[in-house]
Structure formats: C-alpha cells, structure tokens
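# A closer look at the structure
Here is how the chains run, residue by residue.
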Amino acid sequence: MRVIFSEDHKLRNARSELYGGELVPPFEAPFRAEWILAAAKDAGFTDIAAPDQYGLETALKVHDAGYLSFLETAWDQWKAAGYKGEAIATSFPVRRTSPRIPTQIDGLLGYYCNAAETAISPGTWEAALSSMRTALTAADIVADGAKAAFALCRPPGHHAGIDSFGGYCFINNAAVAAQRLLDKGARKVAILDVDFHHGNGTQDIFYERGDVYFASLHGDPAEAFPHFLGYAEETGKGAGAGTTQNYPMAPGTPYSVWEAALLDALKRIAAFGAEAIVLSLGVDTFEKDPISFFKLTSPDYVTMGRAVAASGVPVLVVMEGGYGVPEIGLNVANTLKGVAG
C-alpha cells in the first residue's frame, strides 16, 4: 500500500486552541503526523511518496469558491488589520441574522467558521493545500487500479463543510478524494467515517447528492462535538435521500457495539453499489484518547480494517483525527494492516 505524505503539514503549527475556557496548545499538532508516519514505516508501509501539485479544480466541486478564496487570504487580511495573535472567530451568524457576507476579517471569520476552537495561523492555507493534494494523489492511485492507498493528511478535513471551517479542518480531504474518484470514472463512491466525531462537513457536502453514500460512526452529538449534525434521522435530502446514514453512540461504547454499526454501514454501502470506499480514519475512538469517550483498543483497528477490506472494493484511507497519545500511530498502522490483508 502506497503512503502519500507531505512535509508541508508542518506549516500548520497553531499556538492556541480554545478549550474549556482557556487557550491551550492545540490537540491537533505536527507531532500527530510524525507519530503516524513512524508507526506506518515500522509496520512495513515504506512505499512513501510526496503528493502531486494539484490545483483547486476538484475542491471547487465540493466547496464554495468564496470560501476557498477566504481561506487563501484570511491570514494576510488578519495581519493587515493589525491584530497580533492568531485569527479566532468571535462573532457568528446565528438564528435570525442577516445572510450578508461581511467585508472585514472579523466578520468573515465568523461567517465561515463552524467551531471557534480552530485558529487560523501562518501557513494554515499552505498546509491545507498540501493535505488536499495528498488526498488527491492517493485517490488517483486507487482510480488507476490499486486496491488501497493511504493519504496521511494533516490538517484533517471532515469538519470542513461546503463553506465552513472548524474542528481543525479547512478543506474536506475525503470529499475532494471522493469527487476525484467520480471524476475518474466511478459512478458511485462511499465515504465511511469512523472518526469519533461526526463528519458534519462531509454530510453537508453530500447531503443532497445521490452519487456518494455517507456513513458515520460517532459519539452522540447530544454529548459530543460537533453537536449540531449527526443524528440518526438525518438520512439525506432530494437526490441524496437515503444516502446518509448516521450511527450516534453513547459514552463508553465498546468495540462489540461499535462493530455492529460498522457491519451495518458496510452492508448498506454494498447495497448502494459503491465502487470504492473512502475511509475517513479517525483513531480518536481509542480508549485513551483525551477528547473522546469510546473504548476501542489497539487490536480492534486491525479487525476494523479487515472488515472494510472485505467489502471487495478499493479502499482509500484518508487520515482524520486521533490525539494526544503515542498509540495513535499504532492504531493507524493496525488499520492499514487490516485493510492490506
């Protein structure tokens, strides 16, 4: 299995995150990718390549053009306004407010933000671009006939919606990868999101589309970030009716319960007729993860990877979450072992 990885992920190195009423060092930091890469190498996944230099053509099919333009210029606008710290949204278009898009950077941040913990810092746009390119390169490998590939994306992407960032995410890598697979000939693609946190951005992008099936296994949004999407009754709309399936689960969920949801999702994906699976891989389902409440153990990730591989269609693994403990590398490597057979 080829691993796609860019050293440009290091350009995203924010100093602060709003957590528990304090500004703390971000849980999503460069060490995550380094731990994962080292563990993948140790597990024998040594075919590692840098991403190709794609433009925004595919991203513009899943994201709003104005939003991408905002991301590209946000840091420069923030500096030009004379602010000294990192760019953090402080005002939001909540219920019954004007739909007009502000022109000043404070307003723009709030307009395009879905979670205020995520600061924009120097290098954020460049790192997000490299992460997108990592996913696109891996998608092309799968489209060209490989049974599996791993896009070691950082920053992650599944909380980035059509026109919003947050949850450490800026460009939705899994969505861009799925779109690329469709553009290269697939008629139907599935995104299977196994991150602890609901892939609200991915659901937003594909909720009214019938060519991508989205299934997400996650902490109950009544109790877990991102709170405002991910309930079981959300199943798609219009052309996408029936192509979204959410599996919200309670605190303390063990692998036996989680696996039942996984197998149901895979059964639905097979019935949909997906020709490839984009696995949005978050290992924050791990029992020791600092910002989740599931109880998966390291061997469970091998089992999960095998179950996904048993679908019989190509699998593109796209890195999402997993925080704060060295086992995130082991858990990713175990997933890759399962997928690779």
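Here we summarise the structure given alongside this text. (Residues numbered from 1 in each chain as written. Predicted model: local features only at pLDDT ≥ 70, side-chain atom pairs only at ≥ 80, totals over all residues. Heavy atoms only, no water.)

### Examining the overall build of the chain
This is how it is decided: Secondary structure elements are taken from DSSP: a helix is a run of H or I of four residues or more, a strand is a run of E of two residues or more, and numbering for both begins at the N terminus. For this measure, only C-alpha atoms enter the radius of gyration; the expected value for a globule follows 2.2 Å times N^0.38, where N is the number of residues. Under the scheme applied here, a residue whose accessible area is under 20% of the maximum for its type counts as buried, over 50% as exposed, and between as partly exposed, the area being computed with a 1.4 Å probe on protein chains only. In what follows, residue pairs with any heavy atoms lying within 4.5 Å of each other are defined as contacts. Here, Shrake-Rupley sampling with a 1.4 Å probe gives the accessible areas, and only protein chains in the shown set may cover a residue. Charged residues are defined here as Lys and Arg on the positive side and Asp and Glu on the negative side; His and the ends of the chain fall outside this count. To locate a charge, take atom NZ for lysine, CZ for arginine, CG for aspartate or CD for glutamate.
When helices and strands are counted, the chain shows nine helices and 10 strands. For the chain, the C-alpha radius of gyration of 18 Å lies close to 20 Å, the compact-globule estimate for 341 residues. The principal-axis extent of the C-alpha atoms belonging to the chain is close to 55 × 45 × 40 Å. For the chain, with 341 residues in total, the buried portion stands at 57%. By sequence separation, contacts in the chain at least 24 residues apart represent 76% of the contacts at least 6 residues apart. Surface exposure of the chain reaches about 13,200 Å², of which carbon and sulfur atoms provide 53%. Computing the positive centroid from 27 side-chain charges and the negative centroid from 39, the chain places the two 3 Å apart.

### A short note on the pattern of salt bridges
Short version of the rule: By salt bridge we mean one thing: a side-chain nitrogen of Lys or Arg within 4 Å of a carboxyl oxygen of Asp or Glu.
Following the criterion strictly, the structure yields 13 salt bridges and no others. Residues Arg 2 and Asp 47 are paired through a salt bridge, measuring 3.3 Å at the closest nitrogen-oxygen approach. One end of the pair, Arg 2, is in strand β1 (residues 2-4); the other, Asp 47, is in the loop between α1 (31-42) and β4 (48-49), and 45 residues separate them in sequence. A relative accessible area of 36% means that Arg 2 is categorised as partly exposed. Where Asp 76 meets Lys 79, a salt bridge forms, and the shortest distance between an N and an O atom there is 3.9 Å. Of this pair, Asp 76 and Lys 79 both sit in helix α2 (residues 65-80), three residues apart, which is roughly one turn of that helix. Overall, the relative accessible area of 47% leaves Lys 79 in the partly exposed class. Ionic contacts of the salt-bridge type, sharing partners, join the residues Asp 140, Asp 144, Arg 180 and Lys 184 into one network.

### Observations concerning the pairing of strand β9 (residues 277-281)
Remember that side chains alternate between the two faces of the sheet whenever the strand is regular. Selection rule: If DSSP finds at least two bridges between two strands, the strands pair. A crossover gets the label right-handed when its path from the first strand over the helix to the second runs clockwise, viewed with the strands pointing away from the viewer.
Of all the five residues making up β9, five are buried; the element is thus mostly covered by neighbouring parts of the structure. Here β9 shows a buried face lined by Ile 277, Leu 279 and Leu 281 and a second buried face lined by Val 278 and Ser 280. Where strand β6 (residues 189-193) and β9 come together, four bridges link them in parallel fashion. Bridged to Ile 191 within β9 is Val 278. Sheet topology note: the β9/strand β10 (residues 315-319) ladder contains five bridges and is parallel. The residue bridging Leu 279 from the neighbouring strand is Val 317, located in β10. Since β9 and β10 lie parallel, the crossover through helix α8 (residues 298-309) that links them has a hand, and here it is right-handed.

### Some remarks on the packing of aromatic side chains
Two aromatic rings are characterised by how far apart their centres lie and by the angle between their planes. Heads up, the rule is: Only centres within 6.5 Å qualify two rings of Phe, Tyr or Trp (six-membered ring in Trp) as a pair; their planes then separate them into stacked at under 30 degrees, edge-to-face at over 60, and tilted for everything else. Two conditions define a charge located above a ring, namely a distance within 6 Å from the ring centre to NZ of Lys or CZ of Arg, and an angle within 35 degrees of the ring normal.
In this structure the tally under the stated criterion is 14 aromatic pairs. With 4.8 Å between their ring centres and 85° between their planes, Phe 196 and Phe 293 make a pair best called edge-to-face. Residue Phe 196 is found in the loop between β6 and α6 (200-206), and its partner Phe 293 is found in the loop between β9 and α8; the two are separated by 97 residues along the sequence. Phe 293 carries the same exposure label as Phe 196, and that label is buried. One aromatic cluster is present, formed by Tyr 67, Phe 70, Tyr 111, Tyr 112, Phe 165 and Phe 170 through successive ring pairs. Positioned above the aromatic ring of Phe 272 is the side chain of Lys 188, whose terminal nitrogen or guanidinium carbon lies 4.8 Å from the ring centre.

### Structural notes on the nonpolar core
Here is the rule we go by: Residues enter a nonpolar core if they are buried and are Ala, Val, Leu, Ile, Met, Phe, Trp, Tyr or Cys, with the set joined through side-chain atoms within 4.5 Å.
With 55 residues, the main nonpolar core has Phe 70, Leu 71, Leu 109, Ile 120, Phe 165, Val 278 and Leu 316 as its most contacted residues. Of the residues forming this core, the biggest block, 10 residues, is contributed by helix α4 (residues 124-143). Sequence-distant contacts of Leu 109, defined by excluding residues within four places in its chain, comprise Phe 70, Trp 78, Ala 87, Ile 88, Ala 89, Ile 120 and Phe 165. Residues Ala 40, Leu 152, Phe 294 and Leu 296 belong to the second largest nonpolar core, which totals 49 residues.

### Observations regarding the sheet that holds β9
We apply this condition: Inter-axis angles, ranging from 0 to 180 degrees, are taken between N-to-C directions of lines fitted to C-alpha atoms, where helices are fitted over the stretch in contact.
Strand order across the open sheet formed by eight strands is β4-β1-β5-β10-β9-β6-β7-β8, with parallel pairing between neighbours. The sheet is open, and its two borders are formed by β4 and β8 (244-249), each paired with just one other strand. Across five bridges, the pairing between β6 and strand β7 (residues 212-219) is parallel. Bridge pairing in β7 places Val 189 opposite Val 212. Docked against the sheet, helix α5 (residues 173-183) engages β6, β7, β9 and β10, running at close to 160° with respect to β6.

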